[in-house]
Amino acid sequence: RSTRMRTKPAALEVYKRERERLVQESLGIFTSKTPRDAHKEWETYARSHYGTKYIDANQDYLDRFWSSLMDTPFSLIRQEQVHKIHLAIQEHGFKPETFNKIVNAFSCLVTFARDELGWLKFVNFKFKRQKVKPTRKRGLTKKEVPVFLKLVAVQSSIHALMLIAMMLGLAIREIEALYACWSKFS
């Protein structure tokens, strides 16, 4: 931003060097902190906020896929390393939901270190997630409910009709209501 800079590329180079220097200076205390250090702190936090199933799955993903970056200081992790792990995960052929959970396991540590612990001002890498197609099943509309109940009334007893109406009132899907085991249910 100096007025001495005559060309834009020269100004950009000076800006990048100065930004890097300021970042290193501001992160001087935490430059040696690694994701493993953040994971120790996160585990304490997670025990009071999440279930053991989530913590165990997160630990499994970190051990299987992100172990190569766990002992690297946050300031030294680069986009190329993260991209390499993304490609390795894709080679396993996981569905987008699982792929995103694996990415979130490490992303969670980075976000925790940045937001909760204050160890990072910014990171030199980004995470790519895959697009997930919604799989929500269509339920009955208000207009379709009476028609559905009439259809059930013709085929079943009044007892089953009452139970189905109760189940639909509790927001259970109509297909689950139809195939419920009535003898055990009542």
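Residues numbered from 1 in each chain as written. Predicted model: local features only at pLDDT ≥ 70, side-chain atom pairs only at ≥ 80, totals over all residues. Heavy atoms only, no water.

Description of the overall build of the chain
Thought 1: When its secondary structure is counted, the chain shows nine helices and zero strands.
Thought 2: Along the chain, helices (α) and strands (β) appear in the sequence α-α-α-α-α-α-α-α-α when read from the amino end.
Thought 3: At a minimum sequence separation of 6, the contacts of the chain that also span at least 24 residues come to 64%.
Thought 4: With the model as given, the accessible surface of the chain reaches about 13500 Å², and the carbon-plus-sulfur share is 56%. (Helix = DSSP H or I, 4+ residues; strand = E, 2+ residues; numbered from the N terminus. Contact = heavy atoms within 4.5 Å. Areas by Shrake-Rupley, 256 points an atom, 1.4 Å probe, with all protein chains shown as cover.)

Here we look at the pattern of salt bridges
Thought 1: Following the criterion strictly, the structure yields three salt bridges and no others.
Thought 2: Two residues, Arg64 and Asp60, come together in a salt bridge whose shortest N-O distance is 3.2 Å. Here Asp60 and Arg64 lie together in helix α3 (residues 52–65), a separation of four residues that amounts to about one turn.
Thought 3: When its relative accessible area of 47% is taken as the criterion, Arg64 is described as partly exposed.
Thought 4: Where Arg114 meets Asp115, a salt bridge forms, and the shortest distance between an N and an O atom there is 2.9 Å. (Salt bridge = Lys/Arg side-chain N within 4 Å of Asp/Glu carboxyl O. Buried < 20%, exposed > 50% of the residue type's maximum accessible area, 1.4 Å probe, protein only.)

A closer look at the nonpolar core
The nonpolar side chains of soluble globular proteins are, as a tendency, buried together.
Thought 1: Membership of the largest hydrophobic core comes to 29 residues, with the highest contact counts inside it found for Trp66, Phe74, Phe106 and Phe127.
Thought 2: Of all the elements in the fold, those that place two or more residues in this core are α2 (35–49), α3, α4 (79–91) and α5 (96–116).
Thought 3: Broken down by element, the residue count for this core peaks at ten residues, all from α5.
Thought 4: Non-local contacts of Trp66, meaning those with residues more than four positions away in its chain, are made with Tyr61, Val82, Ile85, His86, Ile89, Ile102, Val103, Phe106 and Phe127. (Core = buried A, V, L, I, M, F, W, Y, C linked by side-chain atoms within 4.5 Å.)

As for the side chain of His86
Thought 1: With respect to the element layout, His86 can be found in helix α4.
Thought 2: Once you skip the residues sitting within four places of it in the chain, His86 turns out to touch Trp66, Phe99, Val103, Lys126, Phe127 and Lys128.

With respect to α3
An α-helical turn contains 3.6 residues, so any two residues separated by three or four positions project in the same direction.
Thought 1: Helix length check: α3 (14 residues) gives 20 Å between terminal C-alpha atoms against 20 Å at 1.5 Å per residue, within 8%.
Thought 2: Burial in α3 covers these residues: Ile55, Asn58, Tyr61, Leu62 and Phe65. One side of α3 holds all its buried residues, which, seen down the axis, span an arc of 130°. Turned more than 90 degrees away from the buried face of α3 sit Thr52, Lys53 and Asp56, all of them exposed.
Thought 3: Where α3 is buried, its residues meet α2, α4 and α5. (Expected span 1.5 Å × (residues − 1). Arc of directions from axis to C-beta.)

Looking at α2
Thought 1: Here α2 is 15 residues long and its end C-alpha atoms lie 20 Å apart, about the 21 Å a rise of 1.5 Å per residue gives.
Thought 2: Considering bend angle alone, the principal kink of α2 is centred on Trp42 and spans about 25°.
Thought 3: Those residues of α2 not exposed but buried are Pro35, Ala38, His39, Trp42 and Ala46.
Thought 4: Taken together, the buried residues of α2 touch α3 and α5. (Bend = angle between axes of the 7 residues up to and from the residue.)

Brief notes about the packing of α4 against α5
Thought 1: Where α4 contacts α5, the axes come no closer than 10 Å and their chain directions differ by 150°. Put simply, α4 runs roughly antiparallel to α5. As for the relative orientation of α4 and α5, their crossing is right-handed in sense. For the pair formed by α4 and α5, the contact residues are His86, Ile89 and Gln90 on the first element and Phe99, Ile102 and Val103 on the second.
Thought 2: Class assignment for the residues of the contact of α4 with α5 results in four nonpolar, two polar and no charged. (Axes fitted to C-alpha atoms, helices over the stretch in contact; angles between N-to-C directions. Parallel < 35°, antiparallel > 145°, perpendicular 65-115°, else oblique. Left-handed = near helix turned anticlockwise from the far one by under 90°. Nonpolar A, V, L, I, M, F, W, Y, C, P; charged D, E, K, R; others polar.)

Examining the environment of Val110
Thought 1: Structurally, Val110 can be placed in helix α5.
Thought 2: Apart from residues no more than four positions distant in its own chain, Val110 is found in contact with Phe74, Leu120, Val123, Phe125 and Phe127.

Looking at the packing of aromatic side chains
Thought 1: For the coordinates displayed, the defined rule picks out ten aromatic pairs.
Thought 2: Taken together, a centroid distance of 4.9 Å and an interplanar angle of 45° make the contact between Tyr50 and Tyr54 tilted.
Thought 3: Given the relative accessible area of 38%, Tyr54 is considered partly exposed.
Thought 4: Look at Trp66 and Phe106: their rings are 4.7 Å apart centre to centre, the planes differ by 10°, and that puts the pair in the stacked class. (Phe/Tyr/Trp six-rings, centres within 6.5 Å; stacked < 30°, edge-to-face > 60°.)

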